[in-house]
Structure formats: structure tokens, C-alpha cells
Amino acid sequence: MHPCLRIAEIVDLIFEELKECDLTRNRTLAALARTCRGFHEPALDVLWSEQCTLRHVLKCLPSNLWEEIPGKSGKTVLVRLRLGESSSSMTLQRITGTIQAKDWDRPMFFARRIQTLSLDRYVDKESFPDVTVLEAISAGFPQDYLFPNLRTLRWRPDQHALFPFIRLF
């Protein structure tokens, strides 16, 4: 590797520039994160810095705790968490297990990198978590908040019932 690429500030500047390239941004940053140890952390920091859904973080939970349900538009909607037994008759959630504190280790590895989170039901209705997902996070989350380095939150739910969950962020 060229000696200039061992300087953290230069690597950060290069990866920040890649962040502006929308078409190949995620693929390129993910490839760089796997390229070498020196690129791993800075590439992941940029890759995860801005998110517009909780889907990516929740998919880091063990696979027996979540499922994806195809939306009406053909794209995959938010992750529905499986939580254990329930007497409700909700059709959008399949409930089969509980989230343990240790299940949050991997999601928190990535969640700590998120600085900007946009959850806007009016822009992308299928990306916004519903109340069952937020209840599951709230019930099983071992810390005070999910994103310890969050600087910007865009929160526009379409239901007042979701507002109490803003404390997670």
C-alpha cells in the first residue's frame, strides 16, 4: 500500500468523497472495507454514517428474530421482528422468539457508526418502522438509546402512537 494511504486523514477524505457518488457508493465502500485492515473501519464509518431505515441495523440481529415481508410496490418493506408468544391477531407480524441482550452486539457494532437517520413516513412509507418493531426494540434493548453517535434525526411518523419511541434514538 502506498505510504500516503496509511495517513488516516487522507483515507477519511477519500472515503468521504466516495460518499457523494450515489450510484456505486455502497458497493465501493463495502469492497474497500473488505480490502485491508487499514480501510476497514473508515470505510464502514462512511458506509453506515447516513441511513434512511432501521432495516440494515435490524438485519444484524440473529436471523431467527426477524423476517422481511414484500410490500405492495414489490420492494421489501421494513423488518418485522419476531418476539415470542402473542395473543394479538396482527397479520403483518410473525412472532416466534425474544431478543436477548447479547443479540444486540452485532447491530450495535454498526449502529454506533450512524450519524444521520431519516425516518419519514411521508417520503417512504415502507421504510418507516411500525409500532410492533419499535416495541420489540424498546423491550429487548439493553441500553438507553440505539444510536450513541447520532447527530441528526429526521422523525416524521404518521401516527401519534409512535412518538414515545423517539427516546430510542
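Residues numbered from 1 in each chain as written. Predicted model: local features only at pLDDT ≥ 70, side-chain atom pairs only at ≥ 80, totals over all residues. Heavy atoms only, no water.

Caption draft 1: Looking closely at the pairing of strand β4 (residues 116-120). Of the strand pairs in this sheet, strand β1 (residues 50-51) and β4 are connected by two bridges, and their pairing is parallel. Its bridge partner being in β4, Gln51 is matched across the sheet by Leu117. (Pairing = 2+ DSSP bridges. Helix = DSSP H or I, 4+ residues; strand = E, 2+ residues; numbered from the N terminus.)

Caption draft 2: Spotlight on the nonpolar core. By size, the foremost hydrophobic cluster in this structure holds 41 residues, and its most contacted members are Leu54, Trp104, Leu134, Ile137, Phe147 and Phe169. Considering each element in turn, this core owes the most residues, six residues, to helix α3 (residues 37-48). Among residues more than four places away in sequence, those in contact with Trp104 are Leu58, Leu61, Ile99, Ile137, Gly140, Phe141, Pro142 and Leu146. (Core = buried A, V, L, I, M, F, W, Y, C linked by side-chain atoms within 4.5 Å. Buried < 20%, exposed > 50% of the residue type's maximum accessible area, 1.4 Å probe, protein only. Contact = heavy atoms within 4.5 Å.)

Caption draft 3: Focus on a nonpolar patch on the surface. A cluster of nonpolar side chains, namely Ile7, Ile10 and Ile14, defines an oily patch on the protein surface of about 210 Å² accessible area. Residue placement: Ile14 occurs in helix α1 (residues 8-19). In this structure Ile14 comes out as partly exposed when scored by relative accessible area, which is 38%. (Patch = residues over 30% accessible without salt bridge, like charges linked within 9 Å, V, L, I, M, F, W, Y side chains within 5 Å. Areas by Shrake-Rupley, 256 points an atom, 1.4 Å probe, with all protein chains shown as cover. Salt bridge = Lys/Arg side-chain N within 4 Å of Asp/Glu carboxyl O.)

Caption draft 4: Looking closely at α1. Look at α1: 16 Å from first C-alpha to last across 12 residues, which is about the 16 Å you get at 1.5 Å a residue. Listed in full, the buried residues belonging to α1 are Val11, Phe15 and Lys19. One side of α1 carries all its buried residues, which in axial view fall inside an arc of 90°. Summarising the geometry of α1, the exposed residues directed more than 90 degrees from the buried face are Glu9, Leu13 and Glu17. (Expected span 1.5 Å × (residues − 1). Arc of directions from axis to C-beta.)

Caption draft 5: View of the pattern of salt bridges. Going through the model one piece at a time under the given rule, you end up with five salt bridges. One salt bridge in this structure joins Arg154 and Asp120, with 2.8 Å as the shortest N-O distance. Of this pair, Arg154 sits in strand β5 (residues 152-156) while Asp120 sits in strand β4, and the two are 34 residues apart along the sequence. For Asp120, a relative accessible area of 7% translates into the label buried. For Asp120, the salt bridge goes to Arg156, with nearest N and O atoms at 3.3 Å.

Caption draft 6: Representation of the packing of aromatic side chains. Overall, the coordinates contain six aromatic pairs when judged by the stated rule. Judged by centre distance (4.6 Å) and plane angle (25°), the ring pair of Trp48 and Phe110 falls under stacked. Residue Trp48 is found in helix α3, and its partner Phe110 is found in helix α5 (residues 105-111); the two are separated by 62 residues along the sequence. Looking at Trp48, the relative accessible area reads 10%, which means it is buried. Measuring from ring centre to ring centre gives 4.9 Å for Phe109 and Phe110, while their planes differ by 85°; the resulting arrangement is edge-to-face. For Phe109, a relative accessible area of 22% puts it in the partly exposed group. Taken together, Trp48, Phe109 and Phe110 form an aromatic cluster joined through their ring pairs. Stacked on the ring of Phe109, the Lys or Arg Arg113 has its end atom at 4.6 Å from the ring centre. (Phe/Tyr/Trp six-rings, centres within 6.5 Å; stacked < 30°, edge-to-face > 60°. Lys NZ or Arg CZ within 6 Å of the ring centre and 35° of its normal.)

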